[in-house]
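# Coordinate inspection notes
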Amino acid sequence: PLATLARAAPIVPAIKLPHGLTHQTPLVESLPLSAATGCQVLLKMDALQPSGSFKDRGMAYMCAALQSRGVTDLISSSGGNAGLAASAAGRKLGMRVRVVVPTTTKPIMIEKMRAHGAEVEVHGANWNAADELARELVGASGGAAAYVPPYDDPLLWEGHSSIIDEIA
């Protein structure tokens, strides 16, 4: 049974997100979904994060961790939300942020990243091309910049997991 598994699971310390980079967001019941499913459905309102996405959690955690290691420049590739989250976190931490986006990225998303002070470069027809350039820029930086992936890194996952601590 699930209850047995929950009791047997090791206790993992709560993730502490850097102060001021994200918000604790409300947990709200959805009456229509609750009625449709026959059980209470709660929605975590992470659209209220600074970038409007849950991605702020992971990016804030990762950017702060990189800064604590002496990194001052961040280079990310993104189609939108991850780059915006990196831009928001980097601005609050006083870090230089460069985001490489594909030509498919909506102009409003590019404007939002730039509003946070990010340097945005449009490159390639898809995210793979943008990501390739971002990694090349990191390599050419001589160690001055760190690569910030949009989704595939344990630091991001750890930061995203802070949502569980808020709900629990």
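Residues numbered from 1 in each chain as written. Predicted model: local features only at pLDDT ≥ 70, side-chain atom pairs only at ≥ 80, totals over all residues. Heavy atoms only, no water.

## As for the side chain of Ser-51
Let me state the cut-off plainly: Each helix is a run of DSSP H or I of at least 4 residues and each strand a run of E of at least 2, with the numbering of both proceeding from the N terminus. For the purposes of these results, a polar contact is taken to be a pair of N or O atoms within 3.5 Å, where, inside protein, one atom must be able to donate a hydrogen and its partner to accept one; residues adjacent in sequence count only when each atom of the pair is a side-chain atom.
Within the secondary structure, Ser-51 sits in the loop between β2 (42–44) and α3 (55–68). Side chain to side chain, Ser-51 and Asp-56 meet in a polar contact 2.2 Å long.

## What to know about the pattern of salt bridges
Operational definition: Whenever a carboxyl oxygen of Asp or Glu lies within 4 Å of a side-chain nitrogen of Lys or Arg, that contact is scored as a salt bridge.
What the rule picks out here adds up to six salt bridges. Arg-57 is the partner of Glu-166 in a salt bridge, and the nearest nitrogen-oxygen pair spans 3.0 Å. Remark: Arg-57 occurs in helix α3 and Glu-166 occurs in helix α8 (residues 162–167); sequence separation between them is 109 residues. Between Asp-131 and Arg-135 there is a salt bridge, and its shortest N-O distance comes to 2.8 Å.

## Description of the packing of helix α4 (residues 81–93) against helix α5 (residues 107–115)
The condition is simple: Lines are fitted to the C-alpha atoms to define the axes, a helix being fitted only along its stretch in contact, and any angle between axes, read from their N-to-C directions, falls within 0 to 180 degrees. Under this scheme an angle from 65 to 115 degrees is roughly perpendicular, one under 35 degrees roughly parallel, and one over 145 degrees roughly antiparallel; angles in between are oblique. Should the near helix be turned anticlockwise from the far one by less than a right angle, the crossing is left-handed, and should it be turned clockwise, the crossing is right-handed. Contacts are assigned to residue pairs that have any heavy atoms within 4.5 Å of one another.
Contact geometry of α4 with α5 gives a least axis separation of 8 Å together with a crossing angle of 15 degrees. The pairing of α4 with α5 is recorded here as roughly parallel in orientation. For the pair α4 and α5, the crossing hand works out as left-handed. Contact residues: α4 offers Asn-81, Gly-83, Leu-84 and Ser-87, while α5 offers Met-109, Lys-112 and Met-113.

## Section: α3
Note on helix geometry: an α-helix contains 3.6 residues per turn, so any two residues three or four positions apart are oriented the same way. This is how the line gets drawn: Expected span, for any helix, means 1.5 Å times one less than how many residues it has. Exposure is judged per residue with a 1.4 Å probe applied to protein chains only, and the accessible area is read against the type maximum: over 50% gives exposed, under 20% gives buried, and values in between give partly exposed.
Look at α3: 20 Å from first C-alpha to last across 14 residues, which is about the 20 Å you get at 1.5 Å a residue. Burial runs high along α3: 12 of the 14 residues are buried. Considered for burial, the residues of α3 that qualify are Lys-55, Asp-56, Arg-57, Gly-58, Met-59, Ala-60, Tyr-61, Met-62, Cys-63, Ala-64, Ala-65 and Leu-66. Buried positions along α3 lie against β2, β3 (73–77), α4, β6 (145–148), α7 (154–160) and α8. Following α3 by one or two positions, Gly-70 has its phi on the positive side, about 100 degrees.

## Looking at the nonpolar core
The following threshold applies: Residues enter a nonpolar core if they are buried and are Ala, Val, Leu, Ile, Met, Phe, Trp, Tyr or Cys, with the set joined through side-chain atoms within 4.5 Å.
Core analysis: the biggest nonpolar cluster contains 32 residues, and Met-59, Leu-66, Leu-74 and Met-113 have the highest contact counts within it. Listed by contribution, the elements that provide at least two residues to this core are α3, α4, β4 (96–101), α5, β6 and α7. For this core, the element with the most residues is α3, which contributes eight residues. Counting residues in each nonpolar core, the second largest holds eight residues, with Ile-75, Val-100, Leu-133 and Tyr-147 among its members.

## Side note on a nonpolar patch on the surface
Here is the rule we go by: To count toward a patch, a residue needs a relative accessible area over 30% and no salt bridge; like charges are then connected within 9 Å, while nonpolar side chains (Val, Leu, Ile, Met, Phe, Trp, Tyr) are connected within 5 Å. We get accessible surface area from the Shrake-Rupley algorithm with a probe of 1.4 Å; when it comes to residues, only the shown protein chains can shield them.
Nonpolar side chains collect at one region of the surface, where Leu-27, Leu-42 and Ile-167 lie side by side and expose about 240 Å² of accessible area between them. With respect to the element layout, Leu-27 can be found in strand β1 (residues 27–29). Overall, the relative accessible area of 37% leaves Leu-27 in the partly exposed class.

## As for the pairing of β6
Just so we agree on the cut-off: When DSSP finds two or more bridges between a pair of strands, those strands are recorded as paired.
Across the two faces of β6 the burial is the same, with Ala-145 and Tyr-147 and Ala-146 and Val-148 all buried. Two strands pair when backbone bridges link them, and β3 and β6 are joined in this way by four bridges, in the parallel orientation. Directly across from Leu-74, in β6, lies its bridge partner Ala-146.

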